[in-house]
Amino acid sequence: MRIDEELIDDSGTVTVLAFDTSTAAFSAAIVRNGERVDSVVSFAERNHSARIISEIKELIERNGLQAQDLDAIAVGQGPGSYTGVRIAVTAAKTLAWAWNKPLIGVSSLEALALGAWHELRPENEDLADDLDVWIIPVMDARRGQVYTSRHAANHSGGWRTVDGDGIRLIADWAARIEDEGTQESQVAAIWFVGDIELHCAAIEQAEQSGTRLRTYACNLNAGAIGLLAELRFRQGEKDDVHSFVPNYTQLAEAEAKLLAASRGE
Amino acid sequence: MTAELRETTIPSDKDYVLLAIETSCDETSVAVVRNGREVLSNVISSQIETHKKFGGVVPEIASRKHVETMTIIIEEAVREAGVNLAEVDAIAVTQGPGLIGALLVGVVAAKSLAMALDVPLIGTHHIAGHIYANHLIGDIVYPAIALVVSGGHTEIVLLEAEGKFRIIGRTRDDAVGEAYDKVARALKFPYPGGPHVDKLAQEATEEVVLPRSWLEPDSYDFSFSGLKSAVLAEINRSRMKGETPDFSALARGFQQSVIDVVTGKAIRAAKEFGARQMLLCGGVAANRGLRERLSSLCEEAGVPLLIPPNKLCTDNAAMIAAAADLKWRRGQFSSLDMKAEAIMSLEEWSV
Ligand SMILES: [Zn+2]
């Protein structure tokens, strides 16, 4: 996939309403033709369910938009907080259904990574075009675990997912990234981004060969959700409103126990 | 949209349509109700098969299931009602009490619909819903006494006037439904075991007489944990003596004790407060023994009794619309910032 302006300009105006509640931040944005028109990020309420709809309503209204002006509803599908992800996914499904709009789910982790890359890109401007930067988004998943994935970005607009969303032990994951990054010569830089505060020590520990693993603390911005969704939308993709569910990346505890019991563990 | 409560006057001579959502526990339900009483649809998707495997409701799984079915059930309810979305005048939703993660799904869906359709939102009390299910089948005459018996609740509520709730008695430990499920487990019935106990008690020829927990003479409160312990003690006692416990006699003993106390207190309340009607509601209202006893006691006391059919007794969204109608007619709406509440006061929800 390439995130270039040209691709975006080709097929007419597209306006996307995007939002995400998978992390401690509530974030919503209006994205049009690859640009973030307006956005809101709030940490004020621990309970995203209280303000989500008022914030979305305000965002739509202050941009002079109405439902008919929106081409798609985009939502972060997770992973992240179980309750959090359910809030945005439920709102997105219901709005898409009631307004009869396409629903486009995107990975909250990928959006976290892409948002970070947009912020980091100017600093990495001196990189050669054919070199990759690995962006590793992390969200805390307790007990030394993180929700994470791996994406490769470059300066010519290239963006691809190397490893999909999963829940992993940060110590093992950082060691593996370090190891593979050392072996691949076209990897110019490796950034762990997002919820890194709790995991800095584990990431530093994985460092064997120098200063290749870097960290960048940032929050998810729904602008990146909207951008990823717009690209999917332009490729003619959408999700089925009724069957769309959060990506929890793991079974509920009770299900895991039941499964273990049925295997005689 | 910052005010907690918006008040506007609604013309009363016009037909109106409420769409209601209920997700407080393990049922995803959506109903469309015209003029507060005419049920156009009442779709209920039960998760019971899912939770059976776990021997009870698992909150996290209940929440996941609600997300999976929410829009499907909304669509079904609207289609079955034969209305256009544009005809919906307000969205009602169970605000509480209940499982917080389960409530959240319904509340967020309801707010989304309210915004999408640009209609008012009405946060509704689950127990008010159970009580006003009676308004879907008959006229409520005040003052009335409501006996609410369900898996999560056992309450005697006095309604001095329409929409004015006063709780005069409540359980101090287990709810009736909970006690039934626990006893059912002791009697080796699969979850949910309440109906099995009811059936076994009906068929029993013997009865192991168990204690009645009346509490203080003037109290309308309940306590069922001692009764449940008495059942367990009786099973142990038989086993110690090398006998097989008589499950059906025990089921009958348990059921008789519950019914005596619950109906006895409800009738006493009806007499004390001069009730002109008795309302039985909640999932346990399906219990045959309870229905029969309360019917005969009410007849004796000359207090008319309303009992909704089973589908309106167990958790459903039509009852939520029926209660929300109290607020609709008074123009009392909720803000889009409304929060789901795991614990919520019925009395404060009064109109
Ligand atoms: Zn209930």
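These numbers come from a predicted model, not from an experiment.

**Notes on the coordination of the zinc ion**
In ideal tetrahedral geometry, four donors around a metal make angles of 109.5 degrees, whereas ideal octahedral geometry with six donors gives angles of 90 or 180 degrees.
Residue and element names in this part refer to chain B.
Reasoning step 1: Taken together, the protein ligands of the zinc ion are His126 (NE2), His130 (NE2) and Asp315 (OD), with distances of 2.1 Å.
Reasoning step 2: The sequence motif formed by the donor residues of the zinc ion is H-x3-H-x184-D. Here His126 and its partner His130 are both found in helix 4 (residues 126–132), four residues apart, which amounts to about one turn of the helix. Residues His126 and His130 agree in their burial class; the two are buried.

**Notes on the confidence of the model for chain B**
Reasoning step 1: Residues of chain B with pLDDT of at least 70 account for 97%, and the chain-wide mean is 94.
Reasoning step 2: Low pLDDT (under 50) marks residues 1–9 of chain B, which in the prediction has 20 contacts with non-local residues, meaning those over four places away or in another chain.

**Examining the interface of chain A and chain B**
Reasoning step 1: Taken together, the 34 residues of chain A in the interface contact 30 residues of chain B.
Reasoning step 2: Summing the contributions of chain A and of chain B, the shared interface buries around 2,900 Å²; its carbon and sulfur component is 69%.
Reasoning step 3: The tally of links from chain A across to chain B stands at three salt bridges.
Reasoning step 4: Close ionic contact of A:Arg51 with B:Asp337 constitutes a salt bridge, the shortest N to O distance being 3.0 Å.
Reasoning step 5: Counting across the interface, chain A meets chain B through eleven residue pairs in polar contact (both at pLDDT 80 or more).
Reasoning step 6: Put simply, the parts of the chain that give the side of chain A that touches chain B at least two residues each are helix 2 (48–62), helix 3 (82–99) and helix 8 (253–262) of chain A.
Reasoning step 7: The dominant element in the side of chain A that touches chain B, judged by the number of residues it contributes, is helix 3 of chain A, at 13 residues.
Reasoning step 8: Of the residues in the side of chain A that touches chain B, the class split is 20 nonpolar, eight polar and six charged.

**What about the nonpolar core?**
Reasoning step 1: The biggest cluster of nonpolar side chains holds 64 residues, and the ones touching the most others in it are A:Leu17, A:Phe19, A:Trp99, B:Leu19, B:Ile21, B:Ile74 and B:Ile91.
Reasoning step 2: In contact with A:Trp99, not counting residues within four places along its chain, are A:Leu17, A:Ile60, A:Ala67, A:Leu70, A:Ile73, B:Met115 and B:Ala116.
Reasoning step 3: B:Val176, B:Ala179, B:Phe254 and B:Leu290 belong to the second largest nonpolar core, which has 45 residues in total.

**What about the domain arrangement of chain B?**
Residues and elements named next belong to chain B.
Reasoning step 1: Assigned domains within chain B: domain 1 (17–132 + 313–349) and domain 2 (140–307).
Reasoning step 2: The gap between the C-alpha centroids of domain 1 and domain 2 is 27 Å.
Reasoning step 3: In this complex, domain 1 contributes 21 residues to the contact, which on the side of domain 2 involves 22 residues.
Reasoning step 4: Between domain 1 and domain 2 the total buried area reaches about 1,700 Å² when both faces are included, carbon and sulfur atoms providing 69% of it.
Reasoning step 5: By the criterion of area lost to domain 2, the three top residues of domain 1 are Ile131, Tyr132 and Cys313, representing 33% of everything that side buries.
Reasoning step 6: Between domain 1 and domain 2 we count two salt bridges in total.
Reasoning step 7: Here Arg330 and Glu162 are joined by a salt bridge, their closest N and O atoms 2.6 Å apart.
Reasoning step 8: Taken together, domain 1 and domain 2 are joined by six residue pairs in polar contact (both at pLDDT 80 or more).

**Description of the sheet that holds strand 4 (residues 72–76) of chain A**
Residues and elements named next belong to chain A.
Reasoning step 1: Across the sheet, which stays open at both edges, the five strands sit in the order 3-2-1-4-5 with mixed pairing between neighbours. Each of the sheet's edge strands pairs with one partner strand only, and the pair in question is strand 3 (35–42) and strand 5 (103–106). Strand-to-strand, the axes of this sheet are offset by a mean angle of 20°, without reference to chain direction.
Reasoning step 2: Sheet topology places strand 1 (residues 15–20) next to strand 2 (residues 26–32); six bridges connect them, and they run antiparallel. Bridging from a neighbouring strand, Thr15 pairs with Arg32 of strand 2.
Reasoning step 3: Lying on the sheet, helix 3 is in contact with strand 1, strand 4 and strand 5; it crosses strand 4 at an angle near 170°.

Cut-off values and rules
Residues numbered from 1 in each chain as written. Chains lettered and ligands numbered in written order. Predicted model: local features only at pLDDT ≥ 70, side-chain atom pairs only at ≥ 80, totals over all residues. Heavy atoms only, no water. Donors = N, O, S within 2.8 Å, 3.2 Å for Na, K, Ca; no water. Helix = DSSP H or I, 4+ residues; strand = E, 2+ residues; numbered from the N terminus. Buried < 20%, exposed > 50% of the residue type's maximum accessible area, 1.4 Å probe, protein only. pLDDT = per-residue confidence, 0-100. Contact = heavy atoms within 4.5 Å. Buried area = accessible area lost by both parts, 1.4 Å probe. Salt bridge = Lys/Arg side-chain N within 4 Å of Asp/Glu carboxyl O. Polar contact = N/O pair within 3.5 Å; in protein donor to acceptor, adjacent residues only side chain to side chain. Nonpolar A, V, L, I, M, F, W, Y, C, P; charged D, E, K, R; others polar. Core = buried A, V, L, I, M, F, W, Y, C linked by side-chain atoms within 4.5 Å. Domains from an automatic or database assignment. Pairing = 2+ DSSP bridges. Axes fitted to C-alpha atoms, helices over the stretch in contact; angles between N-to-C directions.

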